[in-house]
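Breakdown of the fold
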Amino acid sequence: MRSATVHSRVTELVSQHCRATDTPGVGVAVTIDGKMALAGGIGSRDLRGHEPLPDDARFYIYSITKTLLAALTLQLVERDRIGLDLPVQEYLTDYPLTTPMTVRQVLNHTAGLPDYGGMPEYSAAVRANPERAWSSDDFLERTLVRGLQFPPGDRWSYSNIGYLTIKLLVERVTNLTLRDLVSRQIVEPLGLVATTVAETLDDTGGLTPGFSGWIDPDGPVVDVSPRYHPGWVSHGVVISTAPELAQIIDALFDGGLVAPDLLPQMLAPVRVPFDHPLFSEPSYGLGMMIDPGSVYGVVAGHGGGGPGYSTGTLHFPDVGGRRITTVALANSDRGDVGLAIASGLANALAESSENSAS
């Protein structure tokens, strides 16, 4: 693949998505066979297009944090600190629900736990006080009062409360905060410098401006990063750059974060009950969105979205014989632009490879 051709195709792809969604800029990164092949900012960090987006721009990765939480859990499984098929109540003895649900079921969203995303009370609280988030106890109390949606193991339903449960579980088992765990188990081993868990608004000073009209639907689109408290993401939220997140995801599949014999557990697919425009066979594993039907092999990764940002990362095991990880982090929350670009990058690279070979 000629680098000039690849860069041109990637820039064109990102620019098209930015125009379609009114997104100022996107941080992108691609690793090929474990090596960084492309990393940079495309577009701008401001709405007027005056400030180029830097290559090391930092973003909330939102629900991609679930993938890191699952990796931390499997590290503890490897050390016999957690059993995937033991009830979460084995570790969280004060958990508000007594119906047994296994760690595996919570990780793959088959535990029946409700979610708060569609609760009017949640949306109203964020908009009224974006700078002051609910506590973990608030999230559990306000959400779990509705009880389980279905018996554990019966069906699939996405639940952020499930991953709050996983956060509380790994913190209880290790007696460390999620921030400390991410630092010790992911950041330090990989030699990262810009990745951290945001706990307070003081931790968000280095964020790329994230543009949204969600907090104030009647007002203009504005940068919400100084106002949106990271605690509104109940399970915790990581801040990272596109190249560092690509390193993390690539290491996950290369045995650098999760033992190779446990990776198949992470990739065991549960078919989700809806179609997805980017997946042939939309499925979910342990903290992973999965497509077992992809022409590139079993594709896995995660998307994320929330006020100000849209994010996506995917790992493709066989794009023209090469192992590729893609990341796209956008500074606007209009549409699923992050995951769409992460998916499109593989197609662009495949086309570049085919053209260079012909």
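This text gives an overview of the structure that appears in the document. (Residues numbered from 1 in each chain as written. Predicted model: local features only at pLDDT ≥ 70, side-chain atom pairs only at ≥ 80, totals over all residues. Heavy atoms only, no water.)

Okay, the overall build of the chain next. When you go through the chain residue by residue, the secondary structure sums to ten helices and 13 strands. Over its C-alpha trace the chain gives a radius of gyration of 19 Å, about what one expects of a compact globule, namely 21 Å for 358 residues. Taken along the three principal axes of its C-alpha coordinates, the chain extends 60 × 50 × 40 Å. Here the analysis covers contacts within the chain between residues at least 6 apart in sequence; of these, 65% occur between residues at least 24 apart. Between the mean site of the 25 positive side-chain charges and the mean site of the 40 negative ones, the chain shows a separation of 1 Å. (Helix = DSSP H or I, 4+ residues; strand = E, 2+ residues; numbered from the N terminus. Rg over C-alpha atoms; globule rule 2.2 N^0.38 Å. Contact = heavy atoms within 4.5 Å. Lys, Arg positive; Asp, Glu negative; His and termini not counted. Charge placed at Lys NZ, Arg CZ, Asp CG, Glu CD.)

What follows covers the sheet that holds strand S7 (residues 237–241). One open sheet accounts for three strands, arranged S3-S7-S4; its pairing is antiparallel. Strand pairing shows two members of the sheet lacking a second neighbour, strand S3 (58–60) and strand S4 (196–198), which therefore form its edges. Ignoring which end each strand starts from, the neighbouring axes of this sheet average 35° apart. Direction of pairing for S3 relative to S7: antiparallel, over a ladder of three bridges. Bridged to phenylalanine 59 within S7 is serine 240. (Pairing = 2+ DSSP bridges. Axes fitted to C-alpha atoms, helices over the stretch in contact; angles between N-to-C directions.)

Right, let's talk about the packing of aromatic side chains for a bit. Tallied over the full model, the rule gives 18 aromatic pairs. Where tyrosine 122 meets tryptophan 232, the ring centres are 5.9 Å apart and the plane angle is 75°; that geometry is what we call edge-to-face. In this pair, tyrosine 122 sits in helix H4 (residues 120–128) while tryptophan 232 sits in the loop between strand S6 (222–223) and S7, placing the two residues 110 residues apart along the sequence. Judged by relative accessible area, which is 9%, tyrosine 122 ranks as buried. What links up through ring pairs into an aromatic cluster is the set Phe59, Tyr60, Tyr62, Tyr228 and Tyr309. (Phe/Tyr/Trp six-rings, centres within 6.5 Å; stacked < 30°, edge-to-face > 60°. Buried < 20%, exposed > 50% of the residue type's maximum accessible area, 1.4 Å probe, protein only.)

Residues of H4 that are buried include every one of Tyr122, Ser123, Ala125 and Val126, and no others. For H4, the arc enclosing every buried residue in end-on projection is 165°, short of the 170-degree limit, so these residues lie on one face. Within H4, the exposed residues directed more than 90 degrees away from the buried face are Pro120 and Ala128. (Arc of directions from axis to C-beta.)

Over its 14 residues, helix H2 (residues 65–78) runs 20 Å from end to end, which matches the ideal 20 Å to within 8%, given 1.5 Å per residue. Most of H2 sits inside the fold, with 13 of its 14 residues counted as buried. Within two residues after H2, aspartate 80 carries a phi angle of roughly 60°, on the positive side. (Expected span 1.5 Å × (residues − 1).)

This brings us to unusual backbone geometry. Excluding glycine, most residues fall at negative phi; most peptide bonds, likewise, are trans. Although it is not a glycine, aspartate 22 adopts a positive phi angle of roughly 55°. The phi dihedral of aspartate 33 falls on the positive side, at around 50°, and the residue is not glycine. For aspartate 33, the location among the structural elements is in the loop between strand S1 (25–32) and strand S2 (35–43). Residue classification places aspartate 33 among the partly exposed positions, given a relative accessible area of 41%.

On to the environment of alanine 57, then. Tracing the backbone through its elements, the reader meets alanine 57 in the loop between S2 and S3. In the structure, alanine 57 is positioned 140 residues away from valine 197 in sequence and 16 Å away in space, judged by C-alpha atoms. Other than its neighbours up to four places away in sequence, alanine 57 contacts Thr208, Ser240, Thr241 and Ala242.

Counting across every chain of the model gives twelve salt bridges. Residue arginine 172 is joined to aspartate 94 by a salt bridge in which the shortest nitrogen-to-oxygen separation is 3.2 Å. Of this pair, arginine 172 sits in helix H6 (residues 160–174) while aspartate 94 is found in the loop between H2 and helix H3 (103–107), placing the two residues 78 residues apart along the sequence. Here arginine 179 makes a salt bridge to aspartate 203, at a shortest N to O gap of 3.0 Å. Of this pair, arginine 179 sits in helix H7 (residues 178–190) while aspartate 203 sits in the loop between S4 and strand S5 (211–212); the two residues are 24 residues apart in sequence, bridging distant segments of the chain. On the basis of relative accessible area, arginine 179 is assigned to the partly exposed category, the value being 29%. It is possible to trace a salt-bridge network through shared partners that takes in Arg179, Glu199 and Asp203. (Salt bridge = Lys/Arg side-chain N within 4 Å of Asp/Glu carboxyl O.)

Turning next to the sheet that holds strand S10 (residues 289–291). Whether parallel or antiparallel, the strands of a sheet pair through hydrogen bonds between backbone atoms. Taken together, eight strands build an open sheet; the order of strands is S2-S1-S13-S12-S11-S10-S9-S8 and the sheet is antiparallel. Pairing within the sheet leaves two strands with one partner each, and these edge strands are S2 and strand S8 (270–271).

Moving on: the packing of helix H5 (residues 136–144) against H6. For any two helices packed against each other, one specifies the crossing angle of their axes together with the interaxial distance. The geometry of H5 relative to H6 is characterised by a closest axis approach of 11 Å and an angle of 140° between their N-to-C directions. Considered as vectors, H5 and H6 are oriented oblique to each other. You can see that H5 and H6 cross each other, and the crossing is left-handed. In this structure, H5 uses Ser136, Phe139, Leu140, Thr143 and Leu144 to contact H6, whose residues at the interface are Ile161, Leu164 and Leu168. Looking at the contact of H5 with H6 residue by residue, the classes come out as six nonpolar, two polar and no charged. (Parallel < 35°, antiparallel > 145°, perpendicular 65-115°, else oblique. Left-handed = near helix turned anticlockwise from the far one by under 90°. Nonpolar A, V, L, I, M, F, W, Y, C, P; charged D, E, K, R; others polar.)

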